[in-house]
Amino acid sequence: MQAGFIGAWGEWYYTQNFGNAGNVTAADWANRKAVVDKLLSVLPSTRMVQLRTPKFKRTLYSTTPVTPGQAHGGSAVARIGHHNDCFLAGPDDYGTYEDAAVEYPYLSSDTAHVAMGGETCNPNPPRSDCPTAQDELARFHWSYLNADYHTGVLESWSTGGCRAAVSRSLGYRLSLVSGTYPGTATRGGRLPVRITVRNDGYAAPVNPRGLELVLRDTATSAVTRIPLSADPRKWQAGGTTTVAQTVTLPTSLPAGSYALLLGLPDPLQPSRAEYAIRLANDGTWEATTGLNRLLHTVTVR
């Protein structure tokens, strides 16, 4: 959720409350922090609030980026992300950055673990052209971009040949690299699996995700779901992650042949196939079930 509330367009700048046009007193900062703290207290603890500039988070909370150990831990710094609503519009993105030498490295590290997105607002070549756009979208781990504004900037990406690549890379783009599974297993016994996934997107998943190994009886289509312990929110952009886990099969599982599938459902909408994560591989996605085929069958005795 974007913080909003303060200023014209909810961007915390032109306002008659809590400091106008950058003239913000200590009392104004305290009031602004109270707004963010209230938003955090009202939202579920797994959801984030976005602030309009790096300076806001650095002033209100911490100048140190979120660490991997803090990420998704529920603290304020781990739940506050960023949005840039004048991306590439000028040297400082129309006031988004106050000191790029400090804020660029900070934002690059922080957005590895918190939500980042926004929109363009002004054609500004060559900065708004494909090379810089793709570099900064990746560097700052963008998950979303307004597809309707600014059309001049977005059309320049079409002309420049990068718009399709940007659309494909926003957020996470997970694909199965390899998988190792046994050919046979025993009811009530152990089933070791090793699954390697690559993230070719700009960002890791932001919200909680389920992760489950699914066994589907090839004769009856009955499914058995076994949770895996890895957290997809930690599958960083540009990285490869291996999930190696030995699961225990239920003793009640009927003997037979089982297709293996991988599920990454939305925990709040587990039955909604369209809310599940679809891997980028060809020929693995099942739109009706929201499952990804691992293209392996195990015989359970």
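Treat the numbers as computed from the prediction; the structure is a model and nothing was measured.

**Student:** What is the right way to read the overall build of the protein chain from this model?
**Tutor:** Scanning the protein chain for helices and strands turns up seven helices and 13 strands. Seen through its principal axes, the protein chain has C-alpha atoms that stretch 70 × 45 × 30 Å. For the protein chain, the residues scored as buried account for 47% of the 301 residues in total. The long-range share in the protein chain, meaning contacts at least 24 apart out of those at least 6 apart in sequence, stands at 73%. Summed over all atoms, the accessible surface of the protein chain reaches about 14,000 Å², with 51% contributed by carbon and sulfur. Looking at the protein chain, you have 27 positive and 24 negative side-chain charges, and the mean spots of the two groups are 11 Å apart.

**Student:** So what exactly am I meant to see when it comes to the sheet that holds strand 4 (residues 144-145) here?
**Tutor:** Spatially, four strands are ordered 1-2-3-4 in an open sheet, and the strand pairing comes out parallel. The open sheet is flanked by strand 1 (49-51) and strand 4, the only strands paired with a single partner. One ladder, built from four bridges, connects strand 2 (residues 80-87) with strand 3 (residues 116-120); its direction is parallel. Each bridged residue has a counterpart across the sheet, and for H82 the counterpart in strand 3 is M116. Against the sheet, helix 1 (residues 26-42) engages strand 1 and strand 2, with an angle of about 155° to strand 1.

**Student:** Sorry, what's going on with the sheet that holds strand 5 (residues 174-180) here?
**Tutor:** Ordered in space as 5-7-10, the three strands form an open sheet in which the pairing is antiparallel. Here the strands that pair on one side only, and so sit at the sheet edges, are strand 5 and strand 10 (240-248). Mean inter-strand twist for the sheet, computed between neighbouring axes without regard to direction, equals 25°.

**Student:** Mind showing me how you'd approach the state of the cysteines here?
**Tutor:** Disulfide: a covalent bond formed between the sulfur atoms of two cysteine residues. Under the defined criterion, the tally for this structure stands at two disulfides. Disulfide partner of C86: C121, at an S-S distance of 2.1 Å. Disulfide C86 to C121: torsion about the S-S bond roughly 110°, handedness right-handed. Separated by 35 residues along the polypeptide, C86 in strand 2 and C121 in the loop between strand 3 and helix 5 (130-139) bring together distant segments of the chain.

Scoring rules and cut-offs
Residues numbered from 1 in each chain as written. Predicted model: local features only at pLDDT ≥ 70, side-chain atom pairs only at ≥ 80, totals over all residues. Heavy atoms only, no water. Helix = DSSP H or I, 4+ residues; strand = E, 2+ residues; numbered from the N terminus. Buried < 20%, exposed > 50% of the residue type's maximum accessible area, 1.4 Å probe, protein only. Contact = heavy atoms within 4.5 Å. Areas by Shrake-Rupley, 256 points an atom, 1.4 Å probe, with all protein chains shown as cover. Lys, Arg positive; Asp, Glu negative; His and termini not counted. Charge placed at Lys NZ, Arg CZ, Asp CG, Glu CD. Pairing = 2+ DSSP bridges. Axes fitted to C-alpha atoms, helices over the stretch in contact; angles between N-to-C directions. Disulfide = S-S within 2.5 Å.

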